[in-house]
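Structural overview for review
Okay, here's what each chain looks like letter by letter:
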Amino acid sequence: MSDQSKRQALDPMTPWGRPHDLLWVAPGVAPECLRPLEGDTLASWVQCLAGPVVVRRGPAPVGHIAIGLRGRHKGERQAATIAKAAVIKGITPDALASAYIWAHYRMDHPVLQRLQTAAPILNEWVAAHKGECLSWGITGSLGYELASGLKQLHQNSDLDLLLRCPQPLARQQAQQLWDQLNGCRNDTRLDIQLETPHGAISLAEWASHSPQVLLKTEQGPQLTDHPWPRPALHLSSRHEGKSLENESLENESLESESIESESLEARDV
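Anyway, here's the lowdown on the structure attached to this text. (Residues numbered from 1 in each chain as written. Predicted model: local features only at pLDDT ≥ 70, side-chain atom pairs only at ≥ 80, totals over all residues. Heavy atoms only, no water.)

Regarding the pattern of salt bridges
Where charged atoms from two side chains of opposite charge approach closely, those side chains can pair. Filter applied, for reference: Salt-bridge detection follows one rule: a side-chain nitrogen of Lys or Arg within 4 Å of a carboxyl oxygen of Asp or Glu. Helix and strand definitions follow DSSP, with helices as H or I runs of at least four residues and strands as E runs of at least two, each counted in order from the N terminus. Note on exposure labels: buried denotes an accessible area under 20% of the residue type's maximum, exposed denotes more than 50%, and partly exposed covers the range between, all computed with a 1.4 Å probe on protein chains only.
Evaluated as defined, the whole model comprises six salt bridges. Among the salt bridges present, the one from E145 reaches R106, with a minimum N-O distance of 2.6 Å. Here R106 lies in the loop between α3 (93-98) and α4 (110-128) and E145 lies in helix α5 (residues 140-148), a separation of 39 residues in the sequence. Look at E145 and you get buried, because its relative accessible area is 0%. Residue classification places R106 among the partly exposed positions, given a relative accessible area of 26%.

Encoded structure:
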């Protein structure tokens, strides 16, 4: 099967809209369904938009998705929103990774060579840590190029990946994974984002000794020491605690009344 045929087959029937998903709109309607950010205007090159748009983290009006636009040149980038109704198909970073389009693609490029060494490590890690990590995916210039067929990589491009981690990943585990991924000799910079329910953090930062890391959220970047939801106190436990506390107060009140009554009786005698 040709690369083009594989791309056409990559259309998972899932609701798109998570950061880094790639979306296509009906031909000829792109400029009409796009909204620039407040105070901005759409660049002239948007009229010639040929590839997909990239879902980004950020607020969007009702019925729209926050996206990033990519032109043919590196300097052609713009943030905008797009009407959900205009989206005709999409693909996730996870699908790009699992379809192995990249397995025999531009193997002379350092980014693809870096991916060849990183993929087996990530596959093994996900298989061994199903509780913390669900899947990994390809993002950035390589992901865009694989999905669209439009050349985006240059000699100094990074390898951008994501790792979906709905459950907390211990920092020691993160350090082990980061060390494994950087055990090979390759000058290509590796950028892996851990996708948590609250946003995304850098694996490199989470593997470091920094007390806080930068969490990318829809409301903007935040510094945090725990980028996952904290476990909630069990409701019944809280109620049991209050019940015991109330029972203790009631007992103290009864004891006090009993002592007072005995004191009064003693005085009457």
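Comments concerning the layout of surface pockets
Which entries qualify depends on this criterion: Of the two site types, the cavity is a set of points on a 1 Å grid over the protein atoms alone where a 1.4 Å probe fits but cannot get out, and the pocket is an open set with protein on both sides within 12 Å along at least five of seven lines, each lined by residues with an atom within 4 Å of a point. Grid points are joined across faces, edges and corners, and a volume is the space filled by probe spheres set on the points. Throughout, the ten residues Ala, Val, Leu, Ile, Met, Phe, Trp, Tyr, Cys and Pro are labelled nonpolar, Asp, Glu, Lys and Arg are labelled charged, and all others, Gly among them, are labelled polar.
Empty space within the largest pocket amounts to approximately 620 Å³. Class assignment for the residues of the lining of the largest pocket results in twelve nonpolar, ten polar and seven charged.

Side note on the packing of aromatic side chains
Note the cut-off: Any two of the Phe, Tyr and Trp rings considered here, Trp counted by its six-membered ring, make a pair once their centres fall within 6.5 Å; the pair's planes then place it as stacked at under 30 degrees, edge-to-face at over 60, or tilted in between. Lysine and arginine charges are scored as sitting over a ring when NZ or CZ, respectively, is within 6 Å of the ring centre and within 35 degrees of the ring normal.
For the coordinates displayed, the defined rule picks out two aromatic pairs. Look at Y100 and W102: their rings are 5.1 Å apart centre to centre, the planes differ by 35°, and that puts the pair in the tilted class. Taking the relative accessible area as the measure of exposure, W102 reaches 3% and is therefore buried. The ring of W24 has K89 sitting right over it, with the charged end atom 5.1 Å from the ring centre. If you follow R171 out to its NZ or CZ, it ends over the ring of W206, 4.3 Å from the centre.

A few points about the sheet that holds strand β2 (residues 34-36)
Short version of the rule: In this analysis, strands are considered paired if DSSP registers two or more bridges between them. Helix axes use the C-alpha atoms of the stretch in contact, all axes being lines fitted to C-alpha atoms, and the angles between their N-to-C directions lie in the range 0 to 180 degrees. Residue contacts are defined here by distance: any two heavy atoms, one from each residue, within 4.5 Å place the two residues in contact.
Strand order in the open sheet formed by six strands is β2-β5-β4-β3-β1-β6, and the pairing between neighbours is antiparallel. The open sheet has two free edges, formed respectively by β2 and β6 (87-91), since each of these has just one partner strand. For this sheet the average axis-to-axis angle between neighbouring strands, irrespective of direction, equals 40°. Across the sheet, α5 touches β1 (22-25), β3 (53-55), β4 (64-70) and β6, and the angle it forms with β1 is around 40°.

A word on unusual backbone geometry
Not every positive phi belongs to a glycine, and Y100 is a case in point at roughly 55°. With respect to the helices and strands, the residue Y100 is situated in the loop between α3 and α4. The phi angle at R106 is positive, at roughly 45°, despite the residue not being glycine.

Brief notes about the side chain of E76
What counts here: His residues and chain termini do not enter the charge count, which takes Lys and Arg as positive and Asp and Glu as negative.
Structurally, the position occupied by E76 is in the loop between β4 and β5 (77-83). Buried and unpaired, E76 has no salt bridge, with R77 as the nearest side chain of opposite charge at 6.3 Å. For E76, the residues in contact, after removing those within four places along its chain, are W45, L69, R70 and G71.

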